[in-house]
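Listed below are the residues making up each chain.
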Amino acid sequence: MSVLVFADSTDGKFKKTALEVVSYGKKVAEQLGSNVVALTINAADVSELYKYGAEKVITVSNDSLKTFNAKSYASVVSEAAKAENATVVVVDSSIDGLYLAPIVAVSLDAGYASNVVAAPSSTAPFTVKRKAFSNKAFSNTVISTDVKIIGVAKNSFGVHENEVSGTSEEFSPTIAASGVKSEKVEKVTGQVTIADADIVVSAGRGLKGPENWGMIEELADVLGAATACSKPVSDLGWRPHGEHVGQTGKPVASNLYIAIGISGAIQHLAGINASKVKVVINTDPEAPFFKAADYGIVGDAFEVVPKLIEKLKAFKAS
Amino acid sequence: MKILVCISHVPDTTSKINFTDNDTKFDTNGVQFVINPYDEFSLTRAMWFKEKQGATVTVVNVGNATAEPTLRKALAIGADDAIRVNTEPTDGFLVAKELAAVVKNGGYDLVLAGRESIDYNGGMVPGMLASLTDFNFVNGCVGLEVDGENVSATREIDGGSETLSSSLPIVIAGQKGIVEESDLRIPNMRGIMMARKKPLQVVEATSTDANTTIQSFEKPAPKGAVKLVDADNIDELINLLHNEAKVI
Ligand SMILES: Cc1cc2nc3c(=O)[nH]c(=O)nc-3n(C[C@H](O)[C@H](O)[C@H](O)COP(=O)(O)OP(=O)(O)OC[C@H]3O[C@@H](n4cnc5c(N)ncnc54)[C@H](O)[C@@H]3O)c2cc1C
């Protein structure tokens, strides 16, 4: 009996979500009185995972798994779960995590709960809290199968150090051939992506036009943040579609979300509710965003943002 | 090409979310139900295939009779026929199993669904359905072409997109981008009239096995009031973000 965690990596390096799922796995293992086994694919140095509580790390090195492929990765996770006699499998709820986990669930005949926001509230029955209704509520879900799969929502459990002296072991699974083949990957390089970002600077129609995004980019740059926008902004072609945040766009679960010239329509808020701290800058004191925000400035973005950039630069330099 | 589009019946995006029966049931009082927005993008792409390349489009819902107006709306948009699998859709795995039975019986080449439903947000049905039927699968699809047996699908990835090639049969979980929002259709009078006459078949569920059950719902704890900072006092905002919220 063990808790198997899939610690995802890019170019050999663990993502922050990998450390979060290991931290989560450690917590579940404590609750169940079992141990944590982390599965890695083509990761360079796995010792980092011991710091977050992985007692055993199984490493798979295989060139055919260099880039993510849902079906092949799912076969590796399933086989590892069987080999380790895992009763709980923990993955992240990233774009790739959500692609892979349902396939694993079928092959293990396991109940799967995605977008889980907290450690199990009970292990018998096994109950987890998940996001529901586009972040407007939570559902407490009981998983009743022998094997349980948990997809942890980003930034919901957090990264917790819990050093153990772990060991690693190589693992050579049979890899399922995938029916889909990657032909081309296009990435915006040199920028923080919304999914990875701890801070997101987002702007809406209040910015009046694409020519005014210079100051938004500069603010993001100062903060090491990703840039985002409201839906009309991407619909108007002022910003790329990939920056559109909200119910029909990307979800954001950052530590800090700064909304500039965004009204705070319910569909926009649905995408950012999971962010920890929200700041709004808007000329209209009645804008609904002020009800959802933690901090607010009633003011004109064209005056406030340049001042904010200047002050933040000074703050960072001090 | 035989296309099946999976349609989830969900509360409209602006619905107030409340619960009844000791927070165990969603309160449908005064709530309008619609085609799940992600499914609507996929349905629209299916209509494009039908009109431009020739295809039949069947829509399917796993749910009780209250979902029928939503299926009729899909028919009014242009789907040829509809199937409702008569059971309470309490769990993603259960829904996927019922859909798999429909797929196996119907001999479909292309199954279109949405990335997730906006009520339970599981994001699991399309992937499970693909595995249960042994179809290929692309999740989070923002572009789709089918040429004979060959499929080219683009999916969203963190910070970009990935284009994948595959062959039919395939399950595609779509989202905005598979068609643009401006392409979405509002059913016209003629469509609505015709939809009344189109076949809506009700089939019984094959099992009642669920892997998960929802014990209760809860709403986020009410948030404290916003702290307003004067526009002339940006230092105060930085101070709050640094010392109080500890996010910079
Ligand atoms: C089915 C459906 C799904 C949707 N999904 C999404 C979604 O995923 N994401 C999304 O964002 N929207 C979504 N929407 C649209 C949503 O309802 C709103 O229309 C949208 O969020 C509004 O964008 P906005 O706040 O940028 O623009 P507006 O509503 O035009 O608001 C602009 C704001 O800027 C302020 N402002 C103006 N000038 C200034 C200035 N100089 N300085 C500071 N503030 C200023 C104004 O006071 C106003 O509050 C959806 C709608 C529907 C029907």
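Structure shown above.
Residues numbered from 1 in each chain as written. Chains lettered and ligands numbered in written order. Predicted model: local features only at pLDDT ≥ 70, side-chain atom pairs only at ≥ 80, totals over all residues. Heavy atoms only, no water.

Chemist: With reference to specific residues and values, describe the site of the ligand.
Modeler: If you check the shell around the ligand, you find 27 residues, and the closest are Ser230(A), Ser263(A), Gln267(A), His268(A) and Asn282(A). Residues near the ligand are shared among chains A and B, making this a multi-chain site. Contact distances for the ligand include 2.9 Å between a nitrogen atom and a side-chain N or O atom of Lys208(A). Gln267(A) is positioned such that a nitrogen or oxygen atom in its side chain is 2.7 Å from an oxygen atom of the ligand. Bound to the protein, the ligand loses 77% of the 980 Å² it would expose on its own. Elements with a contribution of two residues or more to the shell around the ligand: α5 (231-235), α6 (266-272) and α8 (301-317) of chain A. A class-by-class count of the residues in the shell around the ligand yields six nonpolar, 16 polar and five charged. (Near = heavy atom within 4 Å. Polar contact = N/O pair within 3.5 Å; in protein donor to acceptor, adjacent residues only side chain to side chain. Areas by Shrake-Rupley, 256 points an atom, 1.4 Å probe, with all protein chains shown as cover. Helix = DSSP H or I, 4+ residues; strand = E, 2+ residues; numbered from the N terminus. Nonpolar A, V, L, I, M, F, W, Y, C, P; charged D, E, K, R; others polar.)

Chemist: Give me the lowdown on the sheet that holds strand β15 (residues 226-229) of chain A, citing residues and values where you can.
Modeler: The sheet built from six strands is open, its strands ordered β15(A)-β14(A)-β16(A)-β17(A)-β18(A)-β15(B) with parallel pairing. Whereas interior strands pair on both sides, the edge strands pair on one side only; in this sheet they are β15 of chain A together with β15 (227-228) of chain B. By the bridge criterion, five bridges tie strand β14 (residues 199-203) of chain A to strand β16 (residues 256-260) of chain A in an arrangement that is parallel. Looking at the pairing, Val201(A) lines up with Ile258(A) of β16(A). Helix α4 (residues 214-223) of chain A rests against β14, β15 and β16 of chain A of the sheet, and its axis sits at about 170° to β14(A). Taken strand by strand, α8(A) contacts β16, β17 (277-282) and β18 (295-298) of chain A, and its axis lies near 130° from that of β17(A). (Pairing = 2+ DSSP bridges. Contact = heavy atoms within 4.5 Å. Axes fitted to C-alpha atoms, helices over the stretch in contact; angles between N-to-C directions.)

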